[in-house]
Amino acid sequence: MKNRKVLFFSALIIISLLFSFQSRFFEIAKQIEIYNNLFKELNINYIDEINPGELTNKAIKNTLKSLDPYTNFYDEQEVEDARIRREGEYGGIGITTFYTKKGIVIAEVYKGFSADKAGLKAGDIITTVNDQKLVELEKSQYSQMIKGTPNKELSLIILRNNIVKKISLKLDKVIVNPVPFYDMIDAETGYIILTRFTSQKATQQVSKAFSELKEKGMKKLVFDLRSNPGGSLFDAVNITNLFIPKGLKVVDTRGKIKKNSRTYKTNQEPLDTEIPIVVLINGRSASASEIVSGALQDYDRAVIMGERSFGKGLVQRYFKLNYGTQMKATISKYYTPSGRCIQELDYANRDAKTGKVPKFSDGAVNLFTTRNGRTVYEGGGVTPDIKMDFSKKNTATKKLLKSRAIFNFATDFTNENPNLNTENYLFKTTDFNNFKEYLLNKDTVFVTKEEQLFKTAYLSVKNNVTILPEYNAISQKLKEEKVSKIALNEDVLSKEIQNEIIERYTYKEGVFKHQLKNDETISKALDLLKNQKKYNTILTK
């Protein structure tokens, strides 16, 4: 009788699951059929011609965007761009770019590649490639114009400071080193910066840098993960493994289905489990950076210093689709060895009306303990053991940093100062005052929400020319107000501007060298490592 009851309830569960699956499958099929019919009727009847690929691409991207910022659809070309970002290797001229109506703007020039050898500079605008004017193309086609097989010849027309120049060069095999700089800070302290977790390369390069610094006498390490957006999960595990023993858990991933849930453990013998380490993080250290810093913190293996990290506790995976397209989807959340998830934004509970996403850190924060019994926190990123006392970015400053105002200011600055000696260069208060004047009188890209709304309201008024003086007066007031707000973050912005300027003369390498002498976070890390007693005290309960 008992066995019959068990069989009966088991059958009910199976029937229920089958019904649920069929119901879900029917709903998916129904929605696909609705979209197909809608698209068919739209294509036949809409008054203007429709680009099917572009329309579908936008529909899919907007659908996925409503889930979270990391779930995305890639067409054939975007698949290649995504691969380049992951692997850091491609056929190109060695630049990073952004696109405007004028053409391809060079944001950074990599040292030693063809663009550098040809004399291209950040701020240059590529307007024509092999006699093809870029204004005649879709922006989605821009990147292909300067990529391809190594040794392919390119003829460029660029615009620099309103002067037209012709440049001839060949494509290189571009390999972006995830460890662009490492050196000794003093006789005993090494410094390694990791800027991204590119597949396979990151672990190799960190290991190489560490070994070379050990040969130079390194007995302490500053490991810089600031502004590192993350990347390969496997590299995060392997880099953590360089500093902790074999067989320890680094991270758990927990998904909706079993295959997306997994425990990742160290499986190699480490390079060094004893060397004192200070790991540097900031608000732009995300994903794999947080896995490494979170694990080293949980095992009390390193002191974490800087600012609270970004808070991306989500894992994505690529799925191949039809016709060479792909989808990147969030499949799981990850948890550090102590069991905490550092995800900040709760996308599952987005406000349907406003679109606002709540923060986990705004609610009750769960407490966890490290191996030595120290308290650490869930949600809101990795909280450093030692926080740097920088001013908190206000809304206006965040808007400024998302704009290209600093980039454009640096371009003007370098055009006016072609021979600046950057060795001991510091961006001082007098320079910041010049930057504020630039925002008030010359900048056009840093626009606040209030300014945009006011401009829209003005343009909607009939015969608005009659109120132009009043409009200009209020616009100026709004400018002055936003500049006064960003001035509250002078310490943060001065560093950003200073680094942008130094990079124009000495590449990223020059910025990192300059930071070894002038960066206050590195200086504080160095002081801590010199005080072994204080270092040990921080890592004990």
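Further remarks concern the overall build of the protein. In terms of regular secondary structure, the protein is built from 16 helices and 21 strands. Here the protein has a C-alpha radius of gyration of 27 Å; the compact-globule value for 541 residues is 24 Å, and the two agree. By principal-axis analysis of the C-alpha atoms, the protein measures approximately 90 × 75 × 55 Å. Looking at the protein as a whole, 43% of its 541 residues are labelled buried. Restricting to contacts in the protein with at least 6 residues of sequence separation, those with at least 24 account for 69%. For the protein, the accessible area works out to roughly 30,300 Å², and carbon and sulfur atoms hold 53% of it. One way to put it: in the protein the 84 positive side-chain charges average out to a point 5 Å from where the 64 negative ones average out.

With that out of the way, let us pick up the pairing of strand S12 (residues 220-224). Two faces make up the sheet, and in a regular strand the side chains alternate between them. Of all five residues in S12, five are buried; the element is thus mostly enclosed. Of the two faces of S12, both are covered, the one formed by Lys220, Val222 and Asp224 as well as the one formed by Leu221 and Phe223. Alignment of strand S11 (residues 189-193) against S12, held across five bridges, turns out to be parallel. The residue of S12 that forms the bridge with Thr189 is Lys220. Taking the sense of rotation as the criterion, the β-α-β connection linking S11, helix H6 (residues 201-215) and S12 turns out right-handed. Summarising the sheet, S12 and strand S15 (residues 277-281) pair through four bridges and their orientation is parallel. Following the sheet pairing, Asp224 is matched in S15 by Leu280.

Attention now moves to the packing of aromatic side chains. Taken as a whole and judged by the stated rule, the model has 18 aromatic pairs. Residues Phe234 and Tyr264 carry aromatic rings whose centres are separated by 5.9 Å and whose planes lie at 75° to one another, so their mutual orientation is edge-to-face. Within this pair, whereas Phe234 is found in helix H7 (residues 233-241), its partner Tyr264 is found in strand S14 (residues 262-265), the two being separated by 30 residues in sequence. Phe234 sits in the partly exposed class, given a relative accessible area of 47%. Owing to a relative accessible area of 12%, Tyr264 belongs among the buried residues under this scheme. One aromatic cluster is present, built from ring pairs that chain together Phe409, Phe413, Tyr425, Phe427, Phe432, Phe435 and Tyr438. Sitting above the plane of the Tyr335 ring, Arg254 keeps its charged end 3.7 Å from the centroid. The ring of Tyr70 has Lys312 sitting right over it, with the charged end atom 4.6 Å from the ring centre.

Using the criterion set out here, one finds 25 salt bridges in the structure. Arg340 is paired through a salt bridge with Asp298; the nearest N and O atoms lie 2.8 Å apart. A residue pair is termed long-range when its members are at least 10 positions apart, and Arg340 in the loop between strand S18 (326-335) and strand S19 (367-369) and Asp298 in helix H8 (residues 288-298) qualify at 42 residues. Owing to a relative accessible area of 1%, Arg340 belongs among the buried residues under this scheme. Given the relative accessible area of 3%, Asp298 is considered buried. Measuring nitrogen to oxygen at the nearest pair gives 2.8 Å for the salt bridge that ties Asp385 to Arg374. Of this pair, Asp385 sits in the loop between strand S20 (375-377) and strand S21 (386-387) while Arg374 sits in the loop between S19 and S20, and the two are eleven residues apart along the sequence.

Take H7 next. In terms of burial, H7 is a largely internal element, seven of the nine residues being buried. Every buried residue of H7 is accounted for by Leu233, Asp235, Ala236, Val237, Ile239, Thr240 and Asn241. Looking at the buried residues of H7, the elements they touch are H6, S12, strand S13 (249-255), S14 and H8.

With that settled, consider the side chain of Glu451. Tracing the backbone shows Glu451 in helix H12 (residues 449-460). Relative accessible area serves as the criterion here: at 12%, Glu451 is assigned to the buried category. At 3.0 Å, the side chain of Glu451 and the backbone nitrogen of Thr448 are in polar contact. Excluding residues within four positions of it along the chain, Glu451 makes contact with Phe446, Leu478, Lys479 and Lys482.

For the rest of this paragraph, the subject is the packing of helix H11 (residues 429-441) against helix H14 (residues 490-518). Viewed as axis vectors pointing N to C, H11 and H14 meet at an angle of 85°, and their least axial separation amounts to 11 Å. Taken together, the axes of H11 and H14 are roughly perpendicular relative to one another. Here Thr429, Phe432 and Phe435 of H11 lie close against H14, whose contacting residues are Glu490, Leu493, Ser494 and Ile497. Considered class by class, the residues forming the contact of H11 with H14 number four nonpolar, two polar and one charged.

The rules behind the values
Residues numbered from 1 in each chain as written. Predicted model: local features only at pLDDT ≥ 70, side-chain atom pairs only at ≥ 80, totals over all residues. Heavy atoms only, no water. Helix = DSSP H or I, 4+ residues; strand = E, 2+ residues; numbered from the N terminus. Rg over C-alpha atoms; globule rule 2.2 N^0.38 Å. Buried < 20%, exposed > 50% of the residue type's maximum accessible area, 1.4 Å probe, protein only. Contact = heavy atoms within 4.5 Å. Areas by Shrake-Rupley, 256 points an atom, 1.4 Å probe, with all protein chains shown as cover. Lys, Arg positive; Asp, Glu negative; His and termini not counted. Charge placed at Lys NZ, Arg CZ, Asp CG, Glu CD. Pairing = 2+ DSSP bridges. Right-handed = clockwise from strand over helix to strand, strands pointing away. Phe/Tyr/Trp six-rings, centres within 6.5 Å; stacked < 30°, edge-to-face > 60°. Lys NZ or Arg CZ within 6 Å of the ring centre and 35° of its normal. Salt bridge = Lys/Arg side-chain N within 4 Å of Asp/Glu carboxyl O. Polar contact = N/O pair within 3.5 Å; in protein donor to acceptor, adjacent residues only side chain to side chain. Axes fitted to C-alpha atoms, helices over the stretch in contact; angles between N-to-C directions. Parallel < 35°, antiparallel > 145°, perpendicular 65-115°, else oblique. Nonpolar A, V, L, I, M, F, W, Y, C, P; charged D, E, K, R; others polar.

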